[in-house]
Amino acid sequence: MPHYTQTPAPIGIFDSGYGGLTILNDIQKLLPRYDYIYLGDNARTPYGSRSFDVVYEYTLQCVKQLFEQGCHLVILACNTASAKALRTIQQNDLAQLDPHRRVLGVIRPTVEEIGNITHTRHVGLLGTVGTIQSESYPLEIKKLYPDIRVVGEACPMFVPLIENNEHNDAGADFFVQKYISELLAKDNKIDTIILGCTHYPLLQQKIKAILPDKIQVVSQGRYVAASLATYLLRHPEIDAKCTKGGKVSYYTTESPEKFISSASIFLNITIDAQRVALD
Ligand code: DGL
């Protein structure tokens, strides 16, 4: 069993790339006192079209990296990783790595809220190929709200557009139009669309602009943040292991210069970042 430090440390936030910054943003707004370490696996993004085994292997490496940095609690701020790796990490790996550390995902907090948002009980889901194919959302929603019908649409071009900072260009309009029309053609009673990928809030304005007002677009950040706040209240033993200095450190598996320039655009602040090599 690895020997990770037992001293308190920041909360780890992980994504394949920049998308998890949208989650970090909302978490920081709600829980500004905590310290955070953000890790983006930008060298290997996107995860969305990779196999179950590869997403699991990459995600586990990143979780271990955050544990090595001391984190006692890690949030997979990535739907693809939450869909394909979270359960195995929680059920198999934690026991071997350190049974006292915790890893949480972003799907459950979103699913819990959805029953309070939709009126027609017809929900659309936009996500990566991996998230849509995993059926994680329909399966989880069915457990809590058996009356809700979920229709998914994979949007394989969204993450590359965002990772390359081309989400404000006309090319993005084309794909927003295409995926939304395909989704709505599958079910015309949809009144709620979940942005089931943490990158997609960066396209939220474009998506909203082509939808009728009666269709709501739900991004996950505030639900994940609220769920984390509740979790920390319910688990004082984990809360005590999270440092509270209001600082964020950023790590990337790619070039820190590229991360700094792109992340600063997404976050509207200037940040610093370091490259990390995974074992
Ligand atoms: N941000 C991620 C998600 O929520 C993943 C994107 C990707 O790497 O394809 O699914």
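In this text, all values refer to a predicted model and were calculated from it rather than measured experimentally. (Residues numbered from 1 in each chain as written. Predicted model: local features only at pLDDT ≥ 70, side-chain atom pairs only at ≥ 80, totals over all residues. Heavy atoms only, no water.)

**Student:** Would you mind showing me how to read the site of the ligand here?
**Tutor:** Lining the immediate environment of the ligand, one finds 14 residues, of which Ser16, Tyr47, Gly48, Thr80 and His199 sit closest. In the environment of the ligand, an oxygen atom lies 2.6 Å from a nitrogen or oxygen atom belonging to the side chain of Ser16. Within the side chain of Thr80, one N or O atom sits 2.7 Å away from an oxygen atom of the ligand. In isolation the ligand exposes 300 Å². Once the protein is present, 99% of that is buried. The class makeup of the residues in the shell around the ligand is 5 nonpolar, 8 polar and 1 charged. (Near = heavy atom within 4 Å. Polar contact = N/O pair within 3.5 Å; in protein donor to acceptor, adjacent residues only side chain to side chain. Areas by Shrake-Rupley, 256 points an atom, 1.4 Å probe, with all protein chains shown as cover. Nonpolar A, V, L, I, M, F, W, Y, C, P; charged D, E, K, R; others polar.)

**Student:** Is there a simple way to think about the sheet that holds strand β7 (residues 192-195) in this case?
**Tutor:** As a general point, the strands of a sheet are linked pairwise by backbone hydrogen bonds and lie either parallel or antiparallel. With parallel pairing, 4 strands are arranged side by side in an open sheet as β6-β5-β7-β8. With partners counted over all chains shown, the strands left at the sheet margins are β6 (149-154) and β8 (216-218), one partner each. Across the sheet, the mean angle from the axis of one strand to that of its neighbour is 25°, orientation sign disregarded. As defined by bridge partners, strand β5 (residues 122-127) adjoins β7 across 4 bridges and the pair is classed as parallel. Each residue of the ladder has a partner; that of Leu126, found in β7, is Leu195. (Pairing = 2+ DSSP bridges. Helix = DSSP H or I, 4+ residues; strand = E, 2+ residues; numbered from the N terminus. Axes fitted to C-alpha atoms, helices over the stretch in contact; angles between N-to-C directions.)

**Student:** How should the side chain of Ser16 be read in this particular structure?
**Tutor:** Mapped onto the elements, Ser16 comes out in the loop between β1 (11-15) and α1 (20-30). Ser16 gets classed as buried once you look at its relative accessible area, which sits at 4%. A distance of 3.4 Å separates a polar atom in the side chain of Ser16 from a polar atom in the side chain of Thr45. In this structure Ser16 touches Gly40, Asp41, Asn42, Thr45, Tyr47, Cys78 and His199, once residues within four positions along its chain are discounted. (Buried < 20%, exposed > 50% of the residue type's maximum accessible area, 1.4 Å probe, protein only. Contact = heavy atoms within 4.5 Å.)

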